[in-house]
Amino acid sequence: MAKSDDCIHILQGLLVFGNVIIGMCGIALTAECIYFVSNPPGLYPLLKATENSDISAAAWIGIFVGLALFALSILGIIGVIKASRTLLTVYIILMLITFAFEMASCITAATHRDSLTPELFLKQMLERYQKSEPANNSDSGVTKTWDELMLQNHCCGVQGPSDWQEYTSAFRLTHSDADYPWPRACCVLDAQGLPVNLDGCKLGVPGYYNSNGCYDVISGPVNTYAWGVAWFGFAILCWTFCVLLGTMFYWSGIDY
Amino acid sequence: STMLPLLLLLLPAAHAIDQLGYRPALTEDPKLEGLRTASTFVLDQPRCVFQDYGNAVIWLVVALDQAVPTFNNTAGPGTPETAFQAFPDPVRAYMTLNTTLGSYPCPKPDGDITVLRVGSESSCARDERRPTCNGPLPGPGPYRVKFLALEGSVPVAETRWSLPIMLREAKSTNSISTAGSGHSADMIAITTILSILFAILLAALVAMLFFWGSDSCGSSSSFSKPESVTVRRYNTHHVYDQPAARL
């Protein structure tokens, strides 16, 4: 009897510990998702323009899941200490529902991240950058974002300046190929914002224009944003899985 | 009597154009991103080619590939027959980028980039008063170029015709497929593992509820709530000493 008492206490201790971790992770998940929602990466206009807001939907779900996890972990601790079958049943069922929501959020974030290919940004840039009659705010947002991106990171286009040569674009409609093989933002600029050597830039002489593409710079923050939501949620769910299995085992051992 | 044939031989020679072995070519060094765009291309300057013709004006002839065999060297530059504004129809070859030998000093200083950008003057492309405009080319080509040295209006030397030059053609953005190349390994891993975990939990939940009410499945570690055991024990002996609260 004493031995199984010890086992019981160890199991209770483990479950309480597990629930404490879940509670803390829930708070962390809520905080992280609130950060992402209120402080979107600087490239947010580009993401918004892709008309697919799944990543921010995943972040919103993450906020509520985090709070639910925290509340349920408290319920779980009480249920384990009191060894109450009712409380633990409620806990397990609600935890499963939360698990399902968080699972949906992780998968959504990961899938949306996969859809943000270079081709998507390329098409968006070609169709909207410097569009002469911006249909709505998102077009001018795209132009502004690309200008800042190219100026601050000394890059040009998605894969390189040849993007502007290989494809037709809204930019090409208003800027002739002879004068603007690529936008001025692709030139190396001096302190006043004028090209150091305009002819060198138009010719494409190394040193007077930016030859690398901006995709690496774009994909960095987007990856952080998506994987922050997806992988952290995945880790929490793995831990929750273990705690739930332990709780079910504990539940089945409670005498009624 | 031998004088006449000799004179006859000399006369055409006096009007023959020197055929220089130089063939104009696209610039290979340094590597230029804008070597060929949709309406311009970049040639090497003809350095150290026209050294013997210090008095001549060197012109660039740009012709459609099909017009090369019929080009007449005596066609004067700046005439309606060679005006850029009428290129490519009806004018099949135009002349532009005139300069004296002084602009092409020989030898070329090391480190200097000596190129000619054909098609860079967009301001005079429609200006009929500038028939020798170096305007943007109207189509992808193919084009062939050669240099022609004129003294006054008399051609004195020419280079060979270049190889055909094709310009770049821009594709429509509709050809960019944004369908995505499938799912990354990360996403598949997350989905698979989470689905398996969720399925296990559901199965455990079903098993758990199925055995609700029955004693724990024969495991010897079943235990009772510690407090209720204590209460039960005390209840049998000291009923009135216990608080009414039941767990």
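Quick caveat, the model's predicted, so the values are computed rather than measured.

## Details of the UniProt feature "transmembrane region" (unreviewed entry) in chain A
Residues and elements named next belong to chain A.
Part 1 of the reasoning: With numbering aligned to this structure, UniProt lists the feature "transmembrane region" (unreviewed entry) at residues 12-37, 57-81, 88-110 and 229-251.
Part 2 of the reasoning: Helix makes up 100% of residues 57-81 and strand 0%, with an end-to-end C-alpha separation of 36 Å.
Part 3 of the reasoning: Helix makes up 100% of residues 88-110 and strand 0%, whereas the separation of the span's terminal C-alpha atoms amounts to 32 Å.

## Observations regarding the state of the cysteines
Part 1 of the reasoning: Scanning the entire structure with this criterion turns up five disulfides over all chains.
Part 2 of the reasoning: Between the sulfur of Cys187 of chain A and that of Cys201 of chain A lies a disulfide, 1.9 Å long from S to S. On the sign convention where negative means left-handed, the S-S torsion of about -80° between Cys187 of chain A and Cys201 of chain A marks this disulfide as left-handed. Of this pair, Cys187 of chain A sits in the loop between helix H8 (170-174) and helix H9 (198-203) while Cys201 of chain A sits in helix H9, and the two are 14 residues apart along the sequence.
Part 3 of the reasoning: For Cys201 of chain A, a relative accessible area of 1% corresponds to the buried category.
Part 4 of the reasoning: Sulfur-sulfur distance for the disulfide between Cys48 of chain B and Cys106 of chain B comes to 1.8 Å. Taking the sign of the S-S torsion, about 105° here, the bridge from Cys48 of chain B to Cys106 of chain B comes out right-handed. Within this pair, whereas Cys48 of chain B is found in the loop between strand E2 (41-44) and strand E3 (57-64), its partner Cys106 of chain B is found in the loop between strand E4 (93-100) and strand E5 (115-118), the two being separated by 58 residues in sequence.
Part 5 of the reasoning: Assessed through its relative accessible area of 37%, Cys48 of chain B is described here as partly exposed.
Part 6 of the reasoning: Cys106 of chain B gets classed as partly exposed once you look at its relative accessible area, which sits at 35%.

## Observations regarding the packing of helix H4 (residues 85-115) of chain A against helix H10 (residues 215-252) of chain A
All names here are of chain A.
Part 1 of the reasoning: For the pair H4 and H10, interaxial distance at closest approach is 9 Å and the crossing angle is 160°. In terms of orientation, H4 and H10 fall into the roughly antiparallel class. Crossing handedness for the pair H4 and H10: left-handed.
Part 2 of the reasoning: Residues that form the contact of H4 with H10 fall into these classes: 24 nonpolar, eight polar and three charged.

## Structural notes on the interface of chain B and chain A
Part 1 of the reasoning: With 56 residues of chain B at the contact, the number on the chain A side is 56 residues.
Part 2 of the reasoning: Where chain B abuts chain A, roughly 5100 Å² becomes buried across the two surfaces, and 71% of that area is made up of carbon and sulfur atoms.
Part 3 of the reasoning: For the pair chain B and chain A, the number of links is zero salt bridges.
Part 4 of the reasoning: Counting the contacts that link chain B with chain A gives twelve residue pairs in polar contact (both at pLDDT 80 or more).
Part 5 of the reasoning: Among the elements of the structure, E5 and helix H2 (185-210) of chain B are those that each provide at least two residues to the side of chain B that touches chain A.

## What about the side chain of Gln85 of chain B?
Residues and elements named next belong to chain B.
Part 1 of the reasoning: Among the secondary structure elements, Gln85 is positioned in the loop between E3 and E4.
Part 2 of the reasoning: Of the residues examined, Gln85 reaches a relative accessible area of 18% and is grouped as buried.
Part 3 of the reasoning: In terms of polar contacts, Gln85 uses its side chain to reach the backbone carbonyl oxygen of Asp127, at 2.8 Å.
Part 4 of the reasoning: Aside from chain neighbours lying at most four places away, what touches Gln85 is Cys124, Ala125, Arg126, Asp127, Glu128, Arg130, Pro131 and Cys133.

## Details of the UniProt feature "transmembrane region" (unreviewed entry) in chain B
Part 1 of the reasoning: Residues annotated in UniProt with the feature "transmembrane region" (unreviewed entry) correspond here to residues 187-212 of chain B.
Part 2 of the reasoning: Here residues 187-212 of chain B is 92% helix and 0% strand, with 37 Å between the C-alpha atoms at its ends.

## Observations regarding unusual backbone geometry
Residues and elements named next belong to chain B.
Part 1 of the reasoning: In this structure, the amide linkage connecting Phe87 to the following residue, Pro88, adopts the cis form with an omega of 0°.
Part 2 of the reasoning: The topology assignment puts Pro88 in the loop between E3 and E4.
Part 3 of the reasoning: The linkage connecting Cys106 with the following residue, Pro107, adopts the cis geometry, with an omega of -5°.
Part 4 of the reasoning: Mapped onto the fold, Pro107 is located in the loop between E4 and E5.
Part 5 of the reasoning: Even without a glycine there, the phi angle at Cys48 is positive, about 55°.

Cut-offs and rules
- Going along each chain's sequence as written, the residues are numbered from 1 onward.
- Here every chain gets a letter starting at A, and every ligand a number starting at 1, in the order they are written.
- Restriction of local features to residues with pLDDT of at least 70 applies here, the model being predicted, together with a cutoff of 80 or more for giving and counting side-chain atom pairs; totals for whole chains, interfaces and linings are based on all residues.
- Water and hydrogen atoms were dropped before computing side-chain values, which therefore reflect all heavy atoms in the structure.
- UniProt positions are given in the numbering used here, feature names are shortened, and annotations may be inferred rather than shown by experiment.
- Put simply, DSSP marks the helices as runs of H or I at least four residues long and the strands as runs of E at least two long, and each gets a number from the N terminus on.
- Disulfide assignment relies on a single distance test, namely cysteine sulfur atoms paired within 2.5 Å.
- The rule is simple: take the accessible area with a 1.4 Å probe, protein chains only, and divide by the maximum for that residue type; under 20% is buried, over 50% is exposed, in between is partly exposed.
- To get an axis, fit a line to the C-alpha atoms, keeping to the stretch in contact for a helix; angles then go from 0 to 180 degrees between the N-to-C directions.
- Any angle that is under 35 degrees is reported as roughly parallel, and any over 145 degrees as roughly antiparallel; angles of 65 to 115 degrees are reported as roughly perpendicular and all others as oblique.
- Helix crossings fall into two classes, left-handed where the near helix is turned counterclockwise from the far one by less than a right angle and right-handed where it is turned clockwise.
- We call Asp, Glu, Lys and Arg charged. Ala, Val, Leu, Ile, Met, Phe, Trp, Tyr, Cys and Pro are nonpolar, and the rest, Gly among them, are polar.
- Note on contacts: a residue pair is in contact if any heavy atoms of the two residues lie within 4.5 Å.
- Buried area adds together the accessible area that both of two parts lose upon being put together, with accessible area traced by a 1.4 Å probe.
- What counts as a salt bridge is simple: a side-chain nitrogen of Lys or Arg found within 4 Å of a carboxyl oxygen of Asp or Glu.
- For this analysis, a polar contact is any N or O atom pair within 3.5 Å, provided that within protein one partner can donate a hydrogen and the other can accept it, and provided that sequence-adjacent residues contribute only side-chain to side-chain pairs.

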